[in-house]
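# Working through the structure, step by step
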Amino acid sequence: MLYHLFEYLRQNYDIPGLRLFQYITFRTSLAIIISLVITTVYGRRLINFLQMKQVGESVRNLGLEGQMQKQGTPTMGGLIILLGILVPTLLLANLTNVYVVLMIITTVWMGAVGFLDDYIKVFKKNKEGLAGKFKVVGQVGLGLIIGYTMYFNPNIVVRQTVSENDKPAANAPIVLREKGGNYYYTQDVKSTKTTVPFYKKNEFDYAKVLKFLGPGYEKYALAVFLLCCVVIVTGVSNGANLTDGIDGLATGTSAIIGITLGILAYVSGNTVIADYLNIMYIPNSGELMIFAGAFVGACVGFLWYNSYPAQVFMGDTGSLAIGGIIAVFAIMIRKEWLIPILCGVFLIEILSVMIQVSYFKYTKRRFGEGRRVFLMSPLHHHYQKKGYHEAKIVTRFWIVSILLAIITIITLKVR
C-alpha cells in the first residue's frame with residue numbers, strides 16, 4: 001500500500017527521496033525491519049494473550065528428556081509469523097504483481113488450514129486435530145491453484161533465446177541482444193520450462209516428459225505441471241510440519257531457506273545478473289524479494305521466542321504455512337527441482353518417517369514383530385533418544401541447512 005502511495009506521489013509531485021521505493025533492495029530492507037518489529041514487539045503481546053486464553057500445547061509422553069516440561073507452552077504462535085509476513089508485504093510490495101498476489105494467497109490459505117488444525121486440537125480437545133484427508137485437500141487445492149494460474153496467466157512468462165526462424169509468440173516482440181560480441185534474439189513467452197540441477201543447460205521442459213506420446217504431446221503439459229505442483233506443495237508443507245518437533249529447528253531452517261530463495265528471486269528477476277550468470281530470466285519475479293525479506297524477518301523474529309527453551313510453539317498454523325510458502329515460492333521462480341537439495345533437512349525428516357513406518361510394517365508382516373531403523377522418527381527425535389541435547393541437534397541441523405543452501409546456489413552454475 002505504501003509502495004502504491006509513494007509511487008503515486010512520485011509521479012505527481014516532486015518530493016525528494018520517493019524514488020527509493022522503486023528499488024527492490026530498499027523495500028526488502030524495510031520489510032525485514034518491519035517484520036522483525038512485529039514479531040518481536042507484538043509477538044510478546046500475542047504470547048501473553050495465548051497464555052491468558054490457556055492456548056497451551058498438549059504433550060504426549062514419548063520418553064524424551066525435558067519433554068513434559070513443555071506441557072502448557074502456548075501454541076498457535078504461527079499467527080505471529082503470518083502477521084510478520086503479511087503486514088510488510090501489503091505495505092511495501094507491488095500488489096498488482098501476480099507473483100506477490102499468489103504468495104499472499106498461499107500464506108493465507110495454508111495458514112488457515114493450519115489454524116483450523118490447531119483450533120480443533122486446542123479448543124475441541126481433539127489431539128488428532130484436522131483429519132489428514134482434509135489437510136491433503138487443502139494442500140492439493142493450493143497446488144492446483146498455483147499450477148493453473150502459472151500455466152494460463154499472461155503475466156507469468158520467461159525470457160528465452162529464439163532463432164530468426166522461430167514463430168514469434170503473440171504480443172511478444174523478439175528483441176536483439178548482445179553478449180561478449182555475439183548477437184542473439186530473445187522473447188518473453190509462456191513456458192513450462194524449469195530449472196534442474198546437474199543438467200547440461202540447467203533447464204527442463206515439463207511438456208517433454210510426454211514426448212513419447214508422439215505429435216501433440218504438448219497439450220498434456222498442463223497435467224504434468226499440475227501434478228508436479230501438487231506433489232511439491234504437499235511434500236514440502238508436510239516436511240516442514242514434521243521438522244517442527246524441537247525448539248527452533250523448523251524456524252531457523254526456514255529462515256536459511258528463505259534467504260536462499262530471496263537471492264534466487266533477485267537474480268532471476270534481474271535481467272543483467274540473470275544474463276551474466278546464464279540462468280533463466282523471469283520478468284517481474286524480483287518483486288518476490290520483498291516477500292522473502294518479510295518471510296525471513298518473521299522467522300528470525302519468531303525465533304526470539306521459539307529458541308530453546310521455547311516460550312511459544314508455532315503449531316500447524318506456522319509450520320504448514322511455512323512449508324507451503326517455500327514450495328510455492330520455489331515453483332514461481334522455476335527452482336522447484338532444487339528443493340530436494342535446498343530443503344534437504346525437510347526431506348530427510350519426512351524420509352525418516354516413511355522408512356520407519358514402512359520397515360516396521362514390513363518386519364511385522366514377515367517376522368510377526370515390528371522392528372525399527374531409528375530409535376524414534378522423525379530423525380531429530382532419534383538423536384534426542386541417543387542423548388543429544390535439543391540445542392546441539394538444532395545447531396547442527398542449521399549448519400547442514402547452510403551447507404545445503406550453498407550447494408543449491410552452486411548447482412546453478414554446474415553444466
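Look a little higher up for the structure.
Now for a quick tour of the structure. Note that this is a predicted model, so its numbers are computed, not measured.

### Focus on the overall build of the protein
- Along the protein, the regular secondary structure elements total 14 helices and 5 strands.
- For the protein, restricting intrachain contacts to residue pairs at least 6 apart in sequence, the fraction spanning at least 24 positions comes to 72%.
- Surface summary for the protein: the accessible area is close to 20400 Å², and the carbon and sulfur share equals 62%.

### Re the packing of aromatic side chains
- All chains considered together, the criterion is met by 8 aromatic pairs.
- Centroid distance Tyr 206 to Phe 225: 5.3 Å. Interplanar angle 65 degrees. Geometry classified as edge-to-face. Here Phe 225 lies in helix 6 (residues 221-243) and Tyr 206 lies in the loop between strand 5 (203-205) and helix 6, a separation of 19 residues in the sequence.
- Assessed through its relative accessible area of 5%, Phe 225 is described here as buried.
- Through a chain of ring-to-ring contacts, the aromatic side chains of Phe 115, Tyr 119 and Phe 123 assemble into a single cluster.
- The side chain of Arg 371 reaches across the aromatic face of Phe 367, ending 4.2 Å from its centre.

### Some points on helix 6
- Helix length check: helix 6 (23 residues) gives 33 Å between terminal C-alpha atoms against 33 Å at 1.5 Å per residue, within 8%.
- A large share of helix 6 lies buried, amounting to 17 of its 23 residues.

### A word on the packing of helix 12 (residues 344-367) against helix 14 (residues 390-411)
- Where helix 12 meets helix 14, the closest approach of the two axes is 9 Å, and the angle between their N-to-C directions is 120 degrees. Taken together, the axes of helix 12 and helix 14 are oblique relative to one another. Counting all contacts with helix 12, which are made through Gly 344, Val 345 and Glu 349, the residues of helix 14 involved are Phe 397, Val 400, Ser 401 and Leu 404.
- Of the residues belonging to the contact of helix 12 with helix 14, the class tally is 4 nonpolar, 2 polar and 1 charged.

### Brief notes about the environment of Tyr 8
- With respect to the secondary-structure elements, Tyr 8 resides in helix 1 (residues 2-12).
- Along the chain, Tyr 8 and Leu 18 lie 10 residues apart, while their C-alpha atoms are 9.7 Å from each other.

### A few points about the pattern of salt bridges
- Taken as a whole and judged by the stated rule, the model has 5 salt bridges.
- Here Glu 287 makes a salt bridge to Arg 27, at a shortest N to O gap of 2.4 Å. Of this pair, Glu 287 sits in the loop between helix 8 (271-277) and helix 9 (288-306) while Arg 27 sits in helix 2 (residues 24-52), and the two are 260 residues apart along the sequence.
- Relative accessible area serves as the criterion here: at 8%, Glu 287 is assigned to the buried category.
- Between Asp 117 and Lys 135 there is a salt bridge, with its nearest N and O atoms 3.4 Å apart. In this pair, Asp 117 sits in helix 4 (residues 98-123) while Lys 135 sits in helix 5 (residues 132-152), placing the two residues 18 residues apart along the sequence.
- Judged by its relative accessible area of 15%, Lys 135 falls in the buried class.
- What you see here is one network of salt bridges that share partners, running through Asp 117, Lys 121, Lys 135 and Asp 316.

### Points about the side chain of Thr 89
- Here Thr 89 shows up in helix 3 (residues 78-92).
- Filtering out sequence-adjacent residues up to four positions away, Thr 89 remains in contact with Leu 95, Val 100, Ile 104, Phe 291 and Ala 294.

### Looking at the packing of helix 2 against helix 9
- Interaxial distance between helix 2 and helix 9 falls to 7 Å at its minimum, and their mutual angle equals 30 degrees. As far as their axial angle goes, helix 9 and helix 2 are roughly parallel. Crossing handedness for the pair helix 2 and helix 9: right-handed. Facing helix 2, whose interface residues are Ile 24, Arg 27, Thr 28, Ala 31, Ile 32, Ser 35, Leu 36, Thr 39, Thr 40, Gly 43, Arg 44 and Ile 47, helix 9 presents Met 289, Ile 290, Gly 293, Ala 294, Gly 297, Ala 298, Val 300, Gly 301, Phe 302, Trp 304 and Tyr 305.

### Topic: the environment of Val 357
- Here Val 357 shows up in helix 12.
- A relative accessible area of 39% means that Val 357 is categorised as partly exposed.
- Through-space distance from the C-alpha of Val 357 to that of Gly 370 is 9.4 Å; in sequence the pair is 13 residues apart.

### Section: unusual backbone geometry
- Residue Pro 309 follows Tyr 308 across a cis peptide bond; omega there is -10 degrees.
- Structurally, Pro 309 can be placed in the loop between helix 9 and helix 10 (315-332).
- Of note in the backbone geometry, Asn 278 takes a positive phi value of approximately 60 degrees without being a glycine.
- Locating Asn 278 in the fold gives a position in the loop between helix 8 and helix 9.
- With a phi angle near 70 degrees, Asn 284 is a residue other than glycine that sits in the positive phi range.
- Relative to the helices and strands, Asn 284 resides in the loop between helix 8 and helix 9.

### Quick notes on a nonpolar patch on the surface
- On the surface, Leu 347, Ile 348, Leu 351, Met 354, Ile 355, Tyr 359, Tyr 362, Phe 367 and Val 373 cluster together into a nonpolar patch covering about 760 Å² of accessible area.
- Among the structural elements, Met 354 can be located in helix 12.

Calculation notes
- Residues numbered from 1 in each chain as written.
- Predicted model: local features only at pLDDT ≥ 70, side-chain atom pairs only at ≥ 80, totals over all residues.
- Heavy atoms only, no water.
- Helix = DSSP H or I, 4+ residues; strand = E, 2+ residues; numbered from the N terminus.
- Contact = heavy atoms within 4.5 Å.
- Areas by Shrake-Rupley, 256 points an atom, 1.4 Å probe, with all protein chains shown as cover.
- Phe/Tyr/Trp six-rings, centres within 6.5 Å; stacked < 30°, edge-to-face > 60°.
- Buried < 20%, exposed > 50% of the residue type's maximum accessible area, 1.4 Å probe, protein only.
- Lys NZ or Arg CZ within 6 Å of the ring centre and 35° of its normal.
- Expected span 1.5 Å × (residues − 1).
- Axes fitted to C-alpha atoms, helices over the stretch in contact; angles between N-to-C directions.
- Parallel < 35°, antiparallel > 145°, perpendicular 65-115°, else oblique.
- Nonpolar A, V, L, I, M, F, W, Y, C, P; charged D, E, K, R; others polar.
- Salt bridge = Lys/Arg side-chain N within 4 Å of Asp/Glu carboxyl O.
- Left-handed = near helix turned anticlockwise from the far one by under 90°.
- Patch = residues over 30% accessible without salt bridge, like charges linked within 9 Å, V, L, I, M, F, W, Y side chains within 5 Å.

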